Number of protein chains: 2
Amino acid sequence: MNCNLAVIKGDGIGPEIVTEAMRVLDAVGEKYGHTFSYTQILMGGASIDVHGEPLTEEALEIAKKSDAVLMGSIGGNTSTSPWYKLPAQLRPEAGLLKLRKSLGLFANIRPAYLYDELKKACPLRDEVIGDGFDMVIMRELTGGLYFGERHTEEIDGVRTAVDTLSYNENEIRRIAIKAFDIARKRKKHVISVDKANVLDSSRLWRTVVEEVAKDYEDVTYEHMLVDNCAMQLVNNPRQFDVILTENMFGDILSDEASMITGSIGMLSSASLAEGKFGLYEPSHGSAPDIAGQDIANPIATILSAAMMLRYSFDLDKEADEIEKAVKAVLADGYRTVDIMSDGMKKVGCKEMGQLIIDQIK
Amino acid sequence: MNCNLAVIKGDGIGPEIVTEAMRVLDAVGEKYGHTFSYTQILMGGASIDVHGEPLTEEALEIAKKSDAVLMGSIGGNTSTSPWYKLPAQLRPEAGLLKLRKSLGLFANIRPAYLYDELKKACPLRDEVIGDGFDMVIMRELTGGLYFGERHTEEIDGVRTAVDTLSYNENEIRRIAIKAFDIARKRKKHVISVDKANVLDSSRLWRTVVEEVAKDYEDVTYEHMLVDNCAMQLVNNPRQFDVILTENMFGDILSDEASMITGSIGMLSSASLAEGKFGLYEPSHGSAPDIAGQDIANPIATILSAAMMLRYSFDLDKEADEIEKAVKAVLADGYRTVDIMSDGMKKVGCKEMGQLIIDQIK
Ligand SMILES: [Mg+2]
Ligand SMILES: [Mg+2]
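Residues numbered from 1 in each chain as written. Chains lettered and ligands numbered in written order. Predicted model: local features only at pLDDT ≥ 70, side-chain atom pairs only at ≥ 80, totals over all residues. Heavy atoms only, no water.

## Things to note about the overall build of chain A
The helix and strand inventory of chain A stands at 12 helices and 14 strands. A globule of 361 residues ought to have a C-alpha radius of gyration of about 21 Å, and chain A, at 20 Å, matches this closely. By its C-alpha atoms, chain A is 60 × 50 × 40 Å across when sized along the principal axes. Buried residues in chain A amount to 59% of all 361 residues. For chain A, restricting intrachain contacts to residue pairs at least 6 apart in sequence, the fraction spanning at least 24 positions comes to 74%. (Helix = DSSP H or I, 4+ residues; strand = E, 2+ residues; numbered from the N terminus. Rg over C-alpha atoms; globule rule 2.2 N^0.38 Å. Buried < 20%, exposed > 50% of the residue type's maximum accessible area, 1.4 Å probe, protein only. Contact = heavy atoms within 4.5 Å.)

## Observations concerning unusual backbone geometry
Here Lys 188 of chain A, not a glycine, exhibits a phi torsion of approximately 60 degrees, which is positive. Considering the arrangement of structural elements, one finds Lys 188 of chain A in the loop between α6 (169–184) and β8 (189–194). For Ala 287 of chain B, which is not a glycine, the phi torsion comes out positive at approximately 40 degrees.

## Overview of the interface of chain A and chain B
Contact with chain A, which involves 56 residues of that partner, is made by 56 residues of chain B. Carbon and sulfur atoms supply 60% of the area that chain A and chain B bury against each other, a total of about 4,500 Å² over both sides. Where chain A touches chain B, the interface holds eight salt bridges. Applying the counting criterion to the chain A and chain B interface returns 30 residue pairs in polar contact (both at pLDDT 80 or more). Where the side of chain A that touches chain B is concerned, the elements lending two or more residues are α5 (126–129), β6 (150–155), β7 (158–168), α6, α7 (200–213), α8 (226–235) and α9 (247–261) of chain A. Element by element, the count of residues in the side of chain A that touches chain B is highest for β7 of chain A, at 11 residues. Looking at the side of chain A that touches chain B, its residues break down into 26 nonpolar, 13 polar and 17 charged. Note that β7 of chain A and strand β7 (residues 158–168) of chain B share nine bridges and pair antiparallel. (Buried area = accessible area lost by both parts, 1.4 Å probe. Salt bridge = Lys/Arg side-chain N within 4 Å of Asp/Glu carboxyl O. Polar contact = N/O pair within 3.5 Å; in protein donor to acceptor, adjacent residues only side chain to side chain. Nonpolar A, V, L, I, M, F, W, Y, C, P; charged D, E, K, R; others polar. Pairing = 2+ DSSP bridges.)

## Focus: the coordination of the magnesium ion (ligand 1)
Looking at the magnesium ion (ligand 1), the protein donor atoms are Asp 251 of chain A (OD), Asp 255 of chain A (OD) and Asp 227 of chain B (OD), and they sit 2.0 to 2.2 Å from it. Taken together, the residues Asp 255 of chain A in helix α9 and Asp 227 of chain B in helix α8 (residues 226–235) connect one chain to another. (Donors = N, O, S within 2.8 Å, 3.2 Å for Na, K, Ca; no water.)

## Regarding the pattern of salt bridges
Proximity of charged atoms lets side chains of opposite charge pair with each other. Scanning the model with the defined rule gives 58 salt bridges over all chains in all. The residue Asp 251 of chain A makes a salt bridge to Lys 195 of chain B at a minimum N-O spacing of 2.6 Å. With one member in each of two chains, Asp 251 of chain A in helix α9 and Lys 195 of chain B in the loop between β8 (189–194) and α7 (200–213) form a pair that bridges those chains. Accessibility classification places Asp 251 of chain A together with Lys 195 of chain B in one group, the buried group. When the shortest N-O distance is used, the salt bridge between Arg 150 of chain B and Asp 163 of chain B registers 2.6 Å.

## Observations regarding the UniProt feature "binding site: Mg(2+)" (unreviewed entry) in chain A
As annotated in UniProt, the feature "binding site: Mg(2+)" (unreviewed entry) corresponds to Asp 227, Asp 251 and Asp 255 of chain A in the numbering used here. For this annotated set, covering 29 residues, all C-alpha atoms fall within 14.4 Å of each other, a compact arrangement in space. Excluding residues that lie within four positions of it along the chain, Asp 227 of chain A makes contacts with Lys 195 of chain A together with Asp 251, Ile 252 and Asp 255 of chain B. With residues near it in sequence (within four places) discarded, Asp 251 of chain A still touches Arg 139 and Tyr 146 of chain A together with Lys 195 and Asp 227 of chain B. Among the polar contacts listed, one links the side chain of Asp 251 of chain A to the side chain of Tyr 146 of chain A, at a separation of 2.8 Å. (UniProt positions renumbered as here; feature names shortened; annotations may be inferred.)

## Focus on the domain arrangement of chain A
Where interface size is given, it is often the accessible area lost as the parts come together that is meant. Residues and elements named next belong to chain A. You can read the domains of chain A as domain 1 (1–117 + 262–361) and domain 2 (123–244). Between domain 1 and domain 2, the contact holds 21 residues from the first and 18 residues from the second. In terms of surface lost to domain 2, no three residues of domain 1 exceed Phe 106, Asn 108 and Leu 114, which account for 36% of the buried area on that side. For Asp 314, the salt bridge goes to Lys 185, with nearest N and O atoms at 3.0 Å. There are 10 residue pairs in polar contact (both at pLDDT 80 or more) connecting domain 1 and domain 2. Elements that contribute at least two residues to the side of domain 1 that touches domain 2 include exactly β4 (107–113), β11 (268–272) and α10 (299–311). (Domains from an automatic or database assignment.)

## Comments concerning helix α9 (residues 247–261) of chain B
Residues and elements named next belong to chain B. Between its first and last C-alpha, α9 extends 21 Å over 15 residues, near the 21 Å set by a 1.5 Å rise per residue. Counting buried positions along α9 gives 15 out of 15 residues, so the element sits mostly inside the fold. Sitting at the amino-terminal end of α9 is Glu 246, which places a side-chain oxygen 2.9 Å from the backbone nitrogen of Met 248. (Expected span 1.5 Å × (residues − 1).)

## A closer look at the side chain of Ser 66 of chain B
Residue and element names in this part refer to chain B. Residue position: Ser 66 is located in the loop between α3 (57–65) and β3 (68–73). In terms of polar contacts, Ser 66 uses its side chain to reach the backbone carbonyl oxygen of Ala 63, at 2.6 Å. Leaving out residues up to four positions away in the same chain, Ser 66 has contacts with Asn 4, Leu 5, Ala 6 and Phe 277.

## Let's talk about the nonpolar core
Of all hydrophobic cores here, the largest spans 208 residues; its most connected members are Met 135 and Ile 356 of chain A together with Met 135 and Ile 356 of chain B. With sequence-adjacent residues up to four places away left out, Ile 356 of chain B is seen in contact with Val 24, Ile 299, Ile 302, Ala 325, Val 326 and Val 329 of chain B. (Core = buried A, V, L, I, M, F, W, Y, C linked by side-chain atoms within 4.5 Å.)

## Details of the relation of the copies chain A and chain B
Of the transformation superimposing chain A on chain B, the axial component is 0.0 Å and the angular component is 180 degrees, with the fit at an RMSD of 0.0 Å. Expressed as an axis order, the relation between the two copies is that of a two-fold axis. Here 100% of the contact residues of chain A are again contact residues in chain B; the copies associate through an equivalent surface. (Least-squares fit on C-alpha atoms with pLDDT ≥ 70 in both.)

## Brief notes about helix α4 (residues 92–102) of chain B
All names here are of chain B. Within the sequence span of α4, burial applies to Pro 92, Ala 94, Gly 95, Leu 96 and Leu 99. Residues of α4 that are buried make contact with β1 (2–10), α2 (45–51), α3, β3 and β12 (278–282). Phi turns positive, to about 65 degrees, at Gly 104, one or two residues after α4.

## Regarding the packing of helix α11 (residues 316–331) of chain A against helix α12 (residues 349–360) of chain A
Residue and element names in this part refer to chain A. It is at 8 Å that the axes of α11 and α12 come closest, and there the two elements cross at 120 degrees. Viewed along their axes, α11 and α12 adopt a mutual orientation that is oblique. Seen along the crossing, α11 lies across α12 with a hand that is right-handed. Counting all contacts with α11, which are made through Glu 321, Ile 322, Ala 325, Val 326, Ala 328 and Val 329, the residues of α12 involved are Met 352, Leu 355, Ile 356, Gln 359 and Ile 360. Classifying every residue of the contact of α11 with α12 gives nine nonpolar, one polar and one charged. (Axes fitted to C-alpha atoms, helices over the stretch in contact; angles between N-to-C directions. Parallel < 35°, antiparallel > 145°, perpendicular 65-115°, else oblique. Left-handed = near helix turned anticlockwise from the far one by under 90°.)

## Here we look at the environment of Phe 147 of chain B
Residues and elements named next belong to chain B. Along the polypeptide, Phe 147 turns up in the loop between β5 (134–140) and β6 (150–155). The exposure class of Phe 147 is partly exposed, given its relative accessible area of 46%. Residues Phe 147 and Phe 180, 33 residues apart in the sequence, show an inter-C-alpha distance of 24 Å. What Phe 147 contacts, discounting residues up to four positions off in sequence, is Leu 141, Thr 142 and Asn 247.

This is the structure we're talking about:
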């Protein structure tokens, strides 16, 4: 298979961690007979420095023509970086918003997986963790309260602000289909999260999810209220396989879920469009304070590349290979500084990449 | 002081737990020279059984004329109870909504406190718990997305649902004042939670909170984004004193916070109106499955009575006395079945009430 990738190395630790992910992809390609062609584009601060804007039309066109986008992380220190003296629409993050919108990335997937070797970093007790948890949060990314009409006005001298939460059945159906599709590649269980006892949008959400579920007789599903879900993530994270939810609930719950793993440097993410196209990036930020020191943890980005193989190219075996390699390296006791603990072997970014490659060869 | 209370014993375990709370109040009254006069009113299933509706106008009038309302819990088993065959506006919970609205209860306070003796029930690791946490969540209860305009319609044959999130500065100011007032009675720190990087209502929220904060130079405050707060509750609950937030965020975060205590049978709550009026009730439900067996945990209701003394009557010393008595009984190893653990002494509802009274005498 020949995979044509747009690559955004980005800012801070971005270039270092993406380089390792590309090397891992090449190792997988060599072993399984795939070619990855990379076209690098600038986005975020790196693009501002060169072009004066966070994402040029040319860069966007290259991304659109690619099969998938692999990304590092963007942005800098918001208090000290000159990028944050610019108007909001010219700051690094505006590039990402423009990219997501232009590419129609409506489905955000964030796995929350507990590595047995990193159990001690999990804030939950061993009894709660049990034999670990492995869930993905499927969050709708382009609708709901974050994208609705909003305004602030004075009504009879009283300042009043209004935000609007709107979903139509098509927006709900396409994300529900993604969730059920992915459940099929996993433990075949979907928990759809809403607030259907109060919100109209949640009641429509629930109705459409039930319609979609009819086409997936092999996948079980249930509904859960968002406040209960926030409790259950802490109480019994093992019950979750795929969590399907709308934009704002997904924002809150996916962050909560990432925190209960205790190791955000390990967490990948994907944002998918209709069809197979997607953008893959680590859940963590650009960590400008440790950039260029070869100490960043490349694993989240490497696992994002594995997600890309799985979701954009249906290369499940190859994705498994990467995930297994990461587990093997952890089991051998290698750690970057962010996940370091007593008795383990501390390695840098490049060395961690190489160790994972050595497992694949 | 003479305190004129309306009492709603309610359904399920309600009558048992409220009875113990009243006995505790009487013990405090005897010791400190206060009189509590109780007028019992029916609400919920108990009212449906007698009057065919969950809250009569007569009952509501009595509540309005009282100084404060002490409540147990309402509702039954939603799958088996005949109350849930009724139309929504005649079900038990409709009585509570009507009561809250009629009494203008806009400020919901839920403490999340970790008792040292119940540490093992907390799902978080000992290192995360440290020397415990003690926070209250101040949730706006009558505005925002849960009370906005909503509708579902077909637009060009596509079902579309819309909910509206609206806040005006007066609604925000009155709840912010409550939060800063209560912080003054505590550790003098407010964390206001919003999504000001996206929502207009959150930006207005932040502005008004900052205006209110100017009148409280002795109280420190900061802003926190809701997704970060969902993480921080798990990561470091010790950092919180008073969390101030809007209705929906408060719904999610207060449930998450209650779960990290690990013992919901211990958690009180208050819903306050302008001035000193409030309704006080346990955070837990009516537990119809264990009703009438004298095994329910009355502590959440007893602590709600303590909150009533503190917030409606400014009887801080008397409230402290109840809270200290509860801690002493726990320290002595007495437990109701819901919080029972190895080596402890199991007691029933009445006996737990009596043990607390014995501490006060
Ligand atoms: Mg977030
Ligand atoms: Mg709730």
